[in-house]
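So you can see what is in the structure, the chains are spelled out below.
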Amino acid sequence: DFTSSNDTQRGTDLAALEWLGANATKDDVVLAPLELGQFVPNLGQSRAVVAHWAMTVRYFERRDAAARFFARDTPGEEREALLAREGVTLVTQIA
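First things first, this report covers the structure right here in the doc.

Another aspect to go through is the pattern of salt bridges. In this structure the tally under the stated criterion is 6 salt bridges. For Asp-27, the salt bridge identified is with Lys-26, shortest N-O distance 3.6 Å. Residues Asp-27 and Lys-26 agree in their burial class; the two are exposed. Here Arg-58 makes a salt bridge to Glu-61, at a shortest N to O gap of 3.1 Å. When its relative accessible area of 42% is taken as the criterion, Glu-61 is described as partly exposed.

Counted under the stated rule, the structure contains 2 aromatic pairs. On the basis of an interplanar angle of 80 degrees and a centroid distance of 5.0 Å, the ring pair of Phe-69 and Phe-70 is categorised as edge-to-face. Residue Phe-70 is classed as partly exposed on the basis of its relative accessible area, which comes to 22%. Cation over ring: Arg-79 sits above Phe-69, and NZ or CZ is 5.8 Å from the ring centre.

Next up on the list: the sheet that holds strand β1 (residues 29-31). Strand order across the open sheet formed by 3 strands is β2-β1-β3, with parallel pairing between neighbours. Looking at which strands have only one partner, the edges of the open sheet turn out to be β2 (47-48) and β3 (90-91). The sheet contact formed by β1 and β2 spans 2 bridges and is parallel. Each residue of the ladder has a partner; that of Val-30, found in β2, is Ala-48.

This brings us to the packing of helix α4 (residues 59-70) against helix α5 (residues 76-86). Two numbers describe how α4 lies on α5: the axes approach to 9 Å, and their chain directions differ by 140 degrees. In terms of axis orientation, α4 runs oblique to α5. In terms of crossing hand, the pair formed by α4 and α5 is left-handed. Here Arg-62, Ala-65, Arg-68, Phe-69 and Phe-70 of α4 lie close against α5, whose contacting residues are Glu-78, Arg-79, Leu-82, Leu-83, Arg-85 and Glu-86. The residue makeup of the contact of α4 with α5, split by class, is 5 nonpolar, no polar and 6 charged.

Below, the discussion takes up the environment of Ile-94. Along the chain, Ile-94 turns up in the segment after β3. C-alpha of Ile-94 to C-alpha of Gly-37: the two residues are 57 residues apart in sequence and 9.6 Å apart in space.

The phi torsion at Arg-58 lies on the positive side, around 55 degrees, for a residue other than glycine. Examined against the element boundaries, Arg-58 turns out to sit in the loop between β2 and α4. Residue class for Arg-58 comes out partly exposed when judged on its relative accessible area of 39%.

About the thresholds
- Residues numbered from 1 in each chain as written.
- Predicted model: local features only at pLDDT ≥ 70, side-chain atom pairs only at ≥ 80, totals over all residues.
- Heavy atoms only, no water.
- Salt bridge = Lys/Arg side-chain N within 4 Å of Asp/Glu carboxyl O.
- Buried < 20%, exposed > 50% of the residue type's maximum accessible area, 1.4 Å probe, protein only.
- Phe/Tyr/Trp six-rings, centres within 6.5 Å; stacked < 30°, edge-to-face > 60°.
- Lys NZ or Arg CZ within 6 Å of the ring centre and 35° of its normal.
- Pairing = 2+ DSSP bridges.
- Helix = DSSP H or I, 4+ residues; strand = E, 2+ residues; numbered from the N terminus.
- Axes fitted to C-alpha atoms, helices over the stretch in contact; angles between N-to-C directions.
- Parallel < 35°, antiparallel > 145°, perpendicular 65-115°, else oblique.
- Left-handed = near helix turned anticlockwise from the far one by under 90°.
- Contact = heavy atoms within 4.5 Å.
- Nonpolar A, V, L, I, M, F, W, Y, C, P; charged D, E, K, R; others polar.

Written as structure tokens, this is what we have:
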């Protein structure tokens, strides 16, 4: 359960997950930090670039790519390449 898994993730993070659950489709691919992305497949039909390690193909590669995407110093071109390579349609961030 998302609300009890980590006290630092609440409020707007939960609202983002609820929005995804209500609005994202099976064709959507969501890019989120691991702490949030691991809950995406449980709340709706969409897929996450990186979710739980046991359910994510190329987990370490995708975990590291997601971390780079959200790092302040990552060039826009690298971010755009990740979005294209993974077919990302939605991006969300931890509040």
